[in-house]
Protein chains: 2
Amino acid sequence: MDLINTKIILKKRPDPEINESLFDLVDEKIRDLKENEFLIEVHYLSVDPAMRGWISKVGNYSEPVKINGTMRSLGVGKIIASKNNAFLVDEYVVGWLGWQKYSIVDRNHIQIKVNPNDVPISANLGVLGLNGITAYAGLVDKCKPLKGETVVVTTAAGSVGSAVGQIAKIYGSKTIGLTSTDKKKSICIDDFNFDKVINYNSTKDISSCLKKIAPDGVDCFFDNVGGEQFDHIMENLNIGGRVVICGTIGMQSFPIPNGPRINRTLLVKRAKIEGLLVLDYFDKYSEIYQKLYNWYKEGKLKNKEDISFGLETAPTSLVNILKGTNLGKQLVKV
Amino acid sequence: MDLINTKIILKKRPDPEINESLFDLVDEKIRDLKENEFLIEVHYLSVDPAMRGWISKVGNYSEPVKINGTMRSLGVGKIIASKNNAFLVDEYVVGWLGWQKYSIVDRNHIQIKVNPNDVPISANLGVLGLNGITAYAGLVDKCKPLKGETVVVTTAAGSVGSAVGQIAKIYGSKTIGLTSTDKKKSICIDDFNFDKVINYNSTKDISSCLKKIAPDGVDCFFDNVGGEQFDHIMENLNIGGRVVICGTIGMQSFPIPNGPRINRTLLVKRAKIEGLLVLDYFDKYSEIYQKLYNWYKEGKLKNKEDISFGLETAPTSLVNILKGTNLGKQLVKV
């Protein structure tokens, strides 16, 4: 092949700050495809808070990205060459494409094929992608919200949080979101149909505020942040409460910070807390995708995107989502 | 009736210390039975760590014992008078009898009828009673231990802990207990068949010690204490680990103490932690009792008792179990 690929590699690990200097842009000639491989022209790349874990040396649920390795990322793109009969040229796929313009993959890298004429292909990285699957898995499968129950979600304007709020609404729950600015608060209410939203930066006592707007307490709590917001919400948990830990973006990773011990709350409330890793649900990807897709087509599930243009903008986009300055699912248009 | 009852009432609440001065011994004439009531001659009373919660003003899962009210307690005794066709004179029952010599109850106070000629009636308050039911509910129903998995339990020599260890063994798990003295450690190994036992008072670094004796990590963790032992065990939790919080006897109740935040551990390990209240399982009491009874008759489940004699010894027995000086299920022979 004569194509030149451009990719972003991880030069060094955060120590502990995550900034653009950890990454580097590299050009390379694209090698020939081996049997069963196919070549994808990458259209959109996903930028996710989980990347904080992927590049750290501590490692979490998956192997850390290697030093000088291509940055791990989900993406959507078009197959432009193939040595695999199940993946044909001109088909579109979602999968682990990496932060690069072209990606050589096999079927193990691919989650799903998508139709570019049906929904905007970028939506397959948002509410119809990892974020929607995550929201569904944590809320529906783990928390099992009931009609009339109260569901609280942190980072409510974010791509996972907003999907959680919308799905909880579909299940007939009362939805309460926490977010960081009044602008995001408006988005939560206007675009994502939350019943109540707390701007935690302008709220002195989150626990009391929550007690006021949810006097019947919290039945399901989908948490993406940890730390003080977590503590305040836990204080309002009902008997039989279900909590899912999807992220800890509001907490230092290492060393582990201290906070109020929750053992007694769990005991007295007979509550359950569970960690969620969406990768554990990848064998149900198509099944969950179909549900999300139906809701999306019915207008019950909205997708909001914050797109930056050019592969080279990916590291800055990552820095921004970790600061929370994005509005909607952060994508990079390659 | 001409019978005189002696009962122990709660005079005042702990502030925060629990000692004998909180209680008082009172005599009273026994009133006539109303329709559906029956009168029990109490033989044995149970003394449980949960009583710490029952007498506190904060309250937990149940209403606090009222000031000047009879101290709440499970017991076993013989029916000596009855106005209920379903509960006949000379039958033996286990139920909420209270710290007293005679108890007037109705069927709502009763868990089960027992045969005094089959197993020692006191065993119905130990491994065949609340403690066994608690162990079964938390371990089997919530943790679901598998053959070959590693189960860790705190207060391993205690009446719940020792039942957890023995049931885990029945399920083919490797059992590791934590206890406070070498004497209790021997009891755990010799009487309760634990594979490994840690004396946490003589172990400098519990986490490292656990890593050595359970190099494959911890799959199920049944916790009765909270605090530092909890932290050390959580550090060894495996992916997919299941934790049940049955008690927090090693933690201050109020104000809530700080400790390492567990959100990231739960996330990375996709672990589940759940509070257990045995009262939630009382609708399955007979069903679980039958399983425990079968194991007991097969010699797979041993019961160890620490009996004090005389109703008046109950408060001191409570103080002692909170200090952990008892060896086996603490009972009072009335």
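Source: prediction; values computed, not measured.

Turning our attention to the overall build of chain A. Looking only at helices and strands, chain A has nine helices and 16 strands in total. Against the 2.2 N^0.38 benchmark of 20 Å for 334 residues, chain A shows a C-alpha radius of gyration of 20 Å, consistent with a compact globule. Considering only C-alpha atoms, chain A reaches an extent of 65 × 45 × 35 Å along its principal axes. Across the 334 residues in chain A, those meeting the buried criterion constitute 58%. In chain A, 67% of the contacts between residues at least 6 apart in sequence involve partners at least 24 apart. Of the accessible surface of chain A, which amounts to about 13,900 Å², a share of 48% is contributed by carbon and sulfur atoms. Counting 43 positive and 38 negative side-chain charges, chain A places the centres of these two groups 4 Å from one another.

Note on sheets: strands pair through backbone hydrogen bonds, and any given pair is parallel or antiparallel. Judged by pairing direction, the sheet is mixed, and its twelve strands sit side by side in the order β10(A)-β9(A)-β8(A)-β11(A)-β12(A)-β14(A)-β14(B)-β12(B)-β11(B)-β8(B)-β9(B)-β10(B) without closing on themselves. Two strands bound the open sheet, and with one partner strand each, they are β10 (196-199) of chain A together with β10 (196-199) of chain B. Taking each pair of neighbouring strands and ignoring which way they run, the sheet shows an average axis angle of 15°. Its contacts with the sheet put helix α3 (residues 159-170) of chain A on β8 (150-153), β9 (174-179) and β11 (218-223) of chain A, and the angle it makes with β8(A) is roughly 170°. Sheet strands in contact with helix α5 (residues 206-213) of chain A are β8, β9, β10 and β11 of chain A, and its direction is about 165° off that of β10(A).

Between side chains of opposite charge, a pair can form when the charged atoms approach closely. Residue and element names in this part refer to chain A. Inspection of the entire model under this criterion finds 27 salt bridges over all chains. In this structure, Lys113 engages Glu91 in a salt bridge whose closest nitrogen and oxygen atoms are separated by 3.0 Å. Highlighted residues: Lys113 in strand β7 (residues 110-114) and Glu91 in the loop between β4 (74-82) and β5 (92-96), separated in sequence by 22 residues. Judged by relative accessible area, which is 38%, Lys113 ranks as partly exposed. With a shortest N-O distance of 3.1 Å, Glu274 and Lys142 are connected by a salt bridge. Note that Glu274 is positioned in strand β14 (residues 272-275) and Lys142 in helix α2 (residues 130-143), a separation of 132 residues in sequence. Across this residue pair, the class does not change: Glu274 and Lys142 are buried.

Residue and element names in this part refer to chain A. Taken as a whole, chain A is organised into domain 1 (4-126 + 304-333) and domain 2 (130-279). Using only C-alpha atoms to locate each centre, domain 1 and domain 2 end up separated by 28 Å. Summed over both sides, the interface between domain 1 and domain 2 buries roughly 1,300 Å², with carbon and sulfur atoms accounting for 63% of that surface. Connecting domain 1 to domain 2 are one salt bridge. Between Asp191 and Lys304 there is a salt bridge, and its shortest N-O distance comes to 3.5 Å. Our count for the contact surface shared by domain 1 and domain 2 stands at five residue pairs in polar contact (both at pLDDT 80 or more). For the side of domain 1 that touches domain 2, the residue count by class is seven nonpolar, five polar and four charged.

With that settled, the discussion passes to empty space enclosed by the protein. Within this structure, the stated rule accounts for four cavities of 30 Å³ or more. What the largest cavity holds in volume is close to 90 Å³. A:Pro260, A:Ile262, B:Pro260, B:Arg261 and B:Ile262 are, among the 14 residues lining the largest cavity, the residues nearest its centre. Considering only residue class, the lining of the largest cavity consists of six nonpolar, four polar and four charged.

A word on the packing of α5(A) against helix α6 (residues 227-234) of chain A. Residue and element names in this part refer to chain A. Where α5 meets α6, the closest approach of the two axes is 8 Å, and the angle between their N-to-C directions is 40°. With respect to each other, α5 and α6 are oriented oblique. Pair α5 / α6 crosses with right-handed handedness. Two secondary-structure elements touch here, α5 through Ile206, Ser207 and Leu210 and α6 through Gln229, His232 and Ile233. Considering only residue class, the contact of α5 with α6 consists of three nonpolar, three polar and no charged.

All names here are of chain B. The tally for this structure, following the rule as stated, stands at 18 aromatic pairs over all chains. Residues Phe38 and Phe87 carry aromatic rings whose centres are separated by 4.4 Å and whose planes lie at 10° to one another, so their mutual orientation is stacked. Here Phe87 lies in the loop between β4 (74-82) and β5 (92-96) and Phe38 lies in strand β3 (residues 38-46), a separation of 49 residues in the sequence. On the basis of relative accessible area, Phe38 is assigned to the buried category, the value being 0%. The exposure class of Phe87 is buried, given its relative accessible area of 5%.

The next subject is the interface of chain B and chain A. Each partner contributes residues to the interface: chain B has 37 residues there, and chain A has 37 residues. Both sides of the chain B and chain A interface together cover about 3,200 Å² of buried area, and 58% of this is carbon and sulfur. Summed over the shared surface of chain B and chain A, the number is four salt bridges. With a closest N to O distance of 2.7 Å, A:Asp231 and B:Arg261 form a salt bridge. Counting every contact that joins chain B to chain A gives 16 residue pairs in polar contact (both at pLDDT 80 or more).

With an RMSD of 0.0 Å, chain B superimposes on chain A once it is rotated by 180° and translated 0.0 Å along the axis. The transformation relating the two chain copies, once decomposed into turn and shift, fits a two-fold axis.

Turning next to the environment of B:Lys196. Residue and element names in this part refer to chain B. Mapped onto the elements of the fold, Lys196 is located in strand β10. For the pair Lys196 and Ile213, spaced 17 residues apart in the sequence, the C-alpha separation amounts to 7.3 Å. Those residues within four positions of Lys196 in sequence are excluded, and the remaining contacts are Thr175, Ile176, Gly177 and Ile213.

For the rest of this paragraph, the subject is the environment of A:Val114. Topologically, A:Val114 is positioned in strand β7. With 21 residues separating them in the primary sequence, A:Val114 and A:Val93 have C-alpha atoms 5.7 Å apart.

Moving on, we get to the state of the cysteines. Residue and element names in this part refer to chain B. Enumeration according to the criterion identifies zero disulfides over all chains in this entry. You can see Cys188 has no disulfide; the closest cysteine sulfur is in Cys209, sitting 14 Å from it. Take Cys188: its relative accessible area is 0%, and that puts it in the buried class. No disulfide involves Cys246; its sulfur sits 10 Å from that of Cys143, the nearest cysteine. Relative accessible area serves as the criterion here: at 17%, Cys246 is assigned to the buried category.

Let's shift gears to the pairing of strand β9 (residues 174-179) of chain B. All names here are of chain B. With five of six residues buried, β9 is to be regarded as a mostly interior element. In this structure, strand β8 (residues 150-153) lies alongside β9, joined through four bridges in parallel fashion. Within β9, the residue paired with Val152 across the bridge is Ile176. Crossover connection from β8 via helix α3 (residues 159-170) to parallel β9: handedness right-handed. One ladder, built from four bridges, connects β9 with β10; its direction is parallel. Each residue of the ladder has a partner; that of Gly177, found in β10, is Val197. At this point the chain moves from β9, through helix α4 (residues 182-190), to the parallel β10, and the crossover so formed is right-handed.

Reading the values: the criteria
- Residues numbered from 1 in each chain as written.
- Chains lettered and ligands numbered in written order.
- Predicted model: local features only at pLDDT ≥ 70, side-chain atom pairs only at ≥ 80, totals over all residues.
- Heavy atoms only, no water.
- Helix = DSSP H or I, 4+ residues; strand = E, 2+ residues; numbered from the N terminus.
- Rg over C-alpha atoms; globule rule 2.2 N^0.38 Å.
- Buried < 20%, exposed > 50% of the residue type's maximum accessible area, 1.4 Å probe, protein only.
- Contact = heavy atoms within 4.5 Å.
- Areas by Shrake-Rupley, 256 points an atom, 1.4 Å probe, with all protein chains shown as cover.
- Lys, Arg positive; Asp, Glu negative; His and termini not counted.
- Charge placed at Lys NZ, Arg CZ, Asp CG, Glu CD.
- Pairing = 2+ DSSP bridges.
- Axes fitted to C-alpha atoms, helices over the stretch in contact; angles between N-to-C directions.
- Salt bridge = Lys/Arg side-chain N within 4 Å of Asp/Glu carboxyl O.
- Domains from an automatic or database assignment.
- Buried area = accessible area lost by both parts, 1.4 Å probe.
- Polar contact = N/O pair within 3.5 Å; in protein donor to acceptor, adjacent residues only side chain to side chain.
- Nonpolar A, V, L, I, M, F, W, Y, C, P; charged D, E, K, R; others polar.
- 1 Å grid on protein atoms, 1.4 Å probe; cavity = no way out; pocket = protein on both sides within 12 Å on 5 of 7 lines; lining within 4 Å.
- Points joined across faces, edges and corners; volume = space filled by probe spheres on them.
- Parallel < 35°, antiparallel > 145°, perpendicular 65-115°, else oblique.
- Left-handed = near helix turned anticlockwise from the far one by under 90°.
- Phe/Tyr/Trp six-rings, centres within 6.5 Å; stacked < 30°, edge-to-face > 60°.
- Least-squares fit on C-alpha atoms with pLDDT ≥ 70 in both.
- Disulfide = S-S within 2.5 Å.
- Right-handed = clockwise from strand over helix to strand, strands pointing away.

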